[in-house]
Each structure stands twice: as structure tokens, then as C-alpha cells.
Amino acid sequence: MPTRNHSEDSCPGVLATHQAADGAVARVRVPGGQLTAAAFRTIATGAAELGDGTIELTSRANLQVRGLADGVELGTRLASAGLLPSATHERVRNVLASPLTGRDGAGFADVRPLVEALDEALCARPRLAGLSGRFLFAVDDGRGDVAWLGADIAAVLTSENTAAVLLDGEDAGLRSTVDGAPALMLACAETFLTLREHEWRVAELADGPRRLAAHLAGPPGAPRRGGAEDDGQAAVDRREGTRQGVGLVDQGAGLVSLVAGAPLGWLDRRQAAALTATGAPLVITPWRRLVVADLPADRVEEVGDRLRGTGLLLDPGDPLARVTACTGRPGCAKALADVRADAAPVPGTTLPVHWSGCARRCGRPRGAVVDVVATGHGYSVTEGDR
Ligand code: SF4
């Protein structure tokens, strides 16, 4: 499978890798963060055999393979495993979803089928290949954990059968049935492409949410504009999502999920191999954690011990589980420090802590965070929110 250059948008994919200081980086889109055991095995084996063995978890619940010598072979393997359903749309398949949807009993409904429908319909519309690789969709099952994580277009369930579609986190009154949500979301994305000039994100479009909603009002069958009296308004008003913490989650019926933190958001070879050996489906979360799902309760101790033995973080009180870091030196040419070597918990705070090698703060989590930024003469430490 050939590689290609993408001159306008440098956001990497698998077919258009990013050349970092430590080799090529391929970003594998994982809609909804959902991976079968076989799919994760393909990625982990590819990382070990073709890259430096590292797998990076991103804040959009995607995966990055680093230190690649042969991106073409990785693309071929991922395509064979069904992880590249569209060569033209691979970089725009950015879809967050509530990581525990359908498993822990929270939320109004299991939104995994909705994510699949959205992804399939997205790839079937040629024009949407023109979205930026940074454009982000989200599907929230109503618990409010991913709807406000910076998505350009988010569907949040307001009941078992209804959804609100938010634009850049704002409620502009767009409503649909749950089944109709993917079509409405993609209509919003196409309208964005119609209205934009050079903007890549809805947030960059002047008065974007209102203009998009106004443009959409009235087309046959589609959205209706709702008011404050709409069912589920309280769900739409909620702004504070809950980060899924590490540890055990009861799924009922004798099954459990183990939520594991990846130290600084990266997996090494041993950790990836241990996750592969569980044979369990995995869910990547936007908080750089992995849900090892659908485990029979009598396997939890054995699996937990094995994962813990590789350095994965399973204890809810572990302060390292709240620490993330960008690539830093030597992988990033812009870095002023080897932040991954320096990164550590910051005493006296319960907020997430993000270490950055320069002021760009790549990979910084949403919300209130302690920002530790390399200055060339040490680090600045501030509290910020976005
Ligand atoms: S924050 Fe700066 S140093 Fe870190 S990855 Fe981004 S550009 Fe590189």
C-alpha cells in the first residue's frame, strides 16, 4: 500500500506518517476506542516488528506506533486486519465514545452500534475526506463523559431513543432520534465544509455553532430545533465529564473490566504483550487508559497481577495514573527537555499533571490540569483550564 503526502494538513495517519526525530510515527484511528483482541494483536505485533515497540495512547483514544522503519508494511497489515477500511478517510475517523458504554449499566443505551454506523457512513461520503485529521466526533451515551472533550460534533443521548447533537460543545438546539444521529452529525460536518474557508475546526469558524444550526434548520426529515423544554435538557446542560479511573468495574453477569493506566500514556513491548495475552477486547480511553473488558470474574486476580507486573497502573490511588507527558526529547525536535525522563507526580494536587517539552503542550488533557512546561532553564508549573 503506497504512502502519500498530505501537504495541507500534517496530522499523521497510517498511510501518511509523521517523520519525528526518532523515526516515522503512524497514527491508527480507533473509532470509539474499541478494539478486538485480534486487532490489538495486529497493532502490537506491527509496533514490535516494524517500529520501536512503543504504542502511544492519544487523547482522542487513538494509537500511535513510533520509530517505524517501514510504514508501508504496517499499512498493509492493518488493512488486512480491517483497521483501515478507507484509504481516503483514514485520518478523519476520529470518534470518541463513552468507553464503558454497554458494559457497566450506566448511560441510556449502548452506543457502540452508533459509532459503527457513524464510521461507516463517514467513510461512504467522499466529500468528508476533506475534513482535517484533527476534526473530532463524539458519541456520549448520556453519562456526559466524552461530549465535552473538545469534539467538533457530539451526539449525547438524552433518553434511550433520543439524542442532542452539540457543536463545539454548544447546544444549538439540534435533536434527532438515536438512529438518526449519525446522519445528522454528518450533515453538520458537510455543512461545516460548505461554510468554512480555511478553518479546520468548528471552534475556528466565527459563530460556528449558530451558523451551522441555522444552515441545517428545515431540511427534510432532519433536525428539529429544540428549546429549553426538550426532554433530557439536563443531560445536555451537563459540562463536567467524569474521567474513568483505573481499577475494577463490575459489568454484572460474572464479568468485570479492568481499567489500566499506561505510564505517561505509552505502552512498551512488555505491556503490549501482556495486554495481548489477556485475549480480551480492549477499549482505549481519552484519558490514556485501557479497559480490559469482559473478563470472567475468576480471572481478574491472575490478569491483574500479570498487568501490574509489567508496570501498568491498576491502583486507583496511584498518583502516576494522573501524570501524562508529551514526546519531548529525543523524539521531538522542538523539545527543550527529556520530559518523559523527568515526569513525576506533583505533590499537593489531585489534578491531572501534564508535562510538556515546549509551550505547544501537545497532548494536554482537557479541563483543569497542572501544566509542567520545559522552558530551557527548567520547568514552569502552573494550573490551567481549557
Ligand atoms: S509539546 Fe513541544 S516538545 Fe512536546 S511533543 Fe509537542 S512540540 Fe514536541
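Not measured: the values here are computed from a predicted model. (Residues numbered from 1 in each chain as written. Predicted model: local features only at pLDDT ≥ 70, side-chain atom pairs only at ≥ 80, totals over all residues.)

A. View of the overall build of the protein. Helices and strands together make up the secondary structure of the protein, namely nine helices and 20 strands. Taking 2.2 N^0.38 as the reference for a compact globule, 386 residues should give roughly 21 Å; the C-alpha atoms of the protein span a radius of gyration of 20 Å, in line with that estimate. Viewed in the frame of its principal axes, the protein has a C-alpha envelope of about 55 × 50 × 45 Å. Looking at the protein residue by residue over its 386 residues, the buried ones come to 49%. In the protein, 61% of the contacts between residues at least 6 apart in sequence involve partners at least 24 apart. (Helix = DSSP H or I, 4+ residues; strand = E, 2+ residues; numbered from the N terminus. Rg over C-alpha atoms; globule rule 2.2 N^0.38 Å. Buried ≥ 20, exposed ≤ 12 C-beta atoms within 10 Å, placed from the backbone. Contact = placed C-beta atoms within 7 Å.)

B. Region of the structure containing the site of the ligand. All residues adjacent to the ligand are C326, T327, G328, C332, K334, A335, S356, G357, C358, R360, R361 and C362. Among the residues making up the shell around the ligand, the classes are represented as five nonpolar, four polar and three charged. (Near = placed C-beta within 6 Å. Nonpolar A, V, L, I, M, F, W, Y, C, P; charged D, E, K, R; others polar.)

C. Quick peek at the nonpolar core. Counting 96 residues, the largest nonpolar core has A138, V165, M185, C188, L282 and V292 as its most contacted members. If you tally residues by element for this core, the top one is helix α4 (residues 181–195), at seven residues. Excluding anything up to four places from it in sequence, V292 contacts S257, L258, A260, L275, T278, A280, L282 and V303. With 16 residues, the next largest nonpolar core counts A325, V339, A343 and V370 among its residues. (Core = buried A, V, L, I, M, F, W, Y, C linked by C-beta atoms within 7 Å.)

D. Representation of the pairing of strand β2 (residues 23–28) within the structure. Across the six residues that make up β2, a large majority, five, are buried. Bridge count between strand β1 (residues 18–20) and β2: three bridges; the pairing is antiparallel. Note on β2: the bridge partner recorded for Q19 is A24. The antiparallel pairing of β1 with β2 creates a hairpin that spans two residues between the two strands. With four bridges connecting them, β2 and strand β5 (residues 63–68) associate as antiparallel partners. Its bridge partner lying in β5, A24 is registered against L68. (Pairing = 2+ DSSP bridges.)

E. Quick look at helix α7 (residues 269–278). Among all positions in α7, only Q271, A272, A274, L275 and T278 are buried. Across the axial projection of α7, the buried residues extend over an arc of 160°, all falling on one side. Looking one or two residues beyond α7, the residue adopting positive phi is G279, at roughly 70°. (Arc of directions from axis to C-beta.)

F. Examining the packing of helix α1 (residues 37–50) against α7 more closely. Look at α1 against α7: their axes get within 10 Å of each other, and the N-to-C directions meet at 155°. For the element pair α1 / α7, the angle class is roughly antiparallel. Like other packed secondary-structure pairs, α1 and α7 cross with a definite hand, here left-handed. Facing F40, R41, A44, A47 and A48 of α1, the residues of α7 in contact are R269, A272, A273, L275 and T276. Along the lines of polarity and charge, the residues of the contact of α1 with α7 split into seven nonpolar, one polar and two charged. (Axes fitted to C-alpha atoms, helices over the stretch in contact; angles between N-to-C directions. Parallel < 35°, antiparallel > 145°, perpendicular 65-115°, else oblique. Left-handed = near helix turned anticlockwise from the far one by under 90°.)

G. Highlighting helix α8 (residues 300–309). Among the residues making up α8, those that are buried are V303, G304 and L307. Looking down the long axis of α8, one finds its buried residues gathered within 100° of arc, a one-sided arrangement. Structural note: α8 exposes E301, E302, D305 and G309 on the side pointing more than 90 degrees away from its buried face. Buried residues belonging to α8 abut β13 (255–261), α7 and β16 (289–296). Backbone geometry just downstream of α8 places G311 in the positive-phi region, at approximately 100°.

H. Inspection of the sheet that holds strand β14 (residues 266–267) at higher detail. The five strands are arranged β1-β2-β5-β4-β14 in an open sheet whose pairing can be described as antiparallel. Whereas interior strands pair on both sides, the edge strands pair on one side only; in this sheet they are β1 and β14. Its contacts with the sheet place helix α2 (residues 71–80) against β2 and β5, and it is angled at close to 20° to β2.

I. Spatial organisation of the environment of L290. The topology assignment puts L290 in strand β16. Classification of L290 by C-beta neighbours within 10 Å gives buried; the count is 28. Once the C-alpha coordinates of L290 and V246 are considered, the two residues, 44 residues apart in sequence, prove to be 8.7 Å apart.

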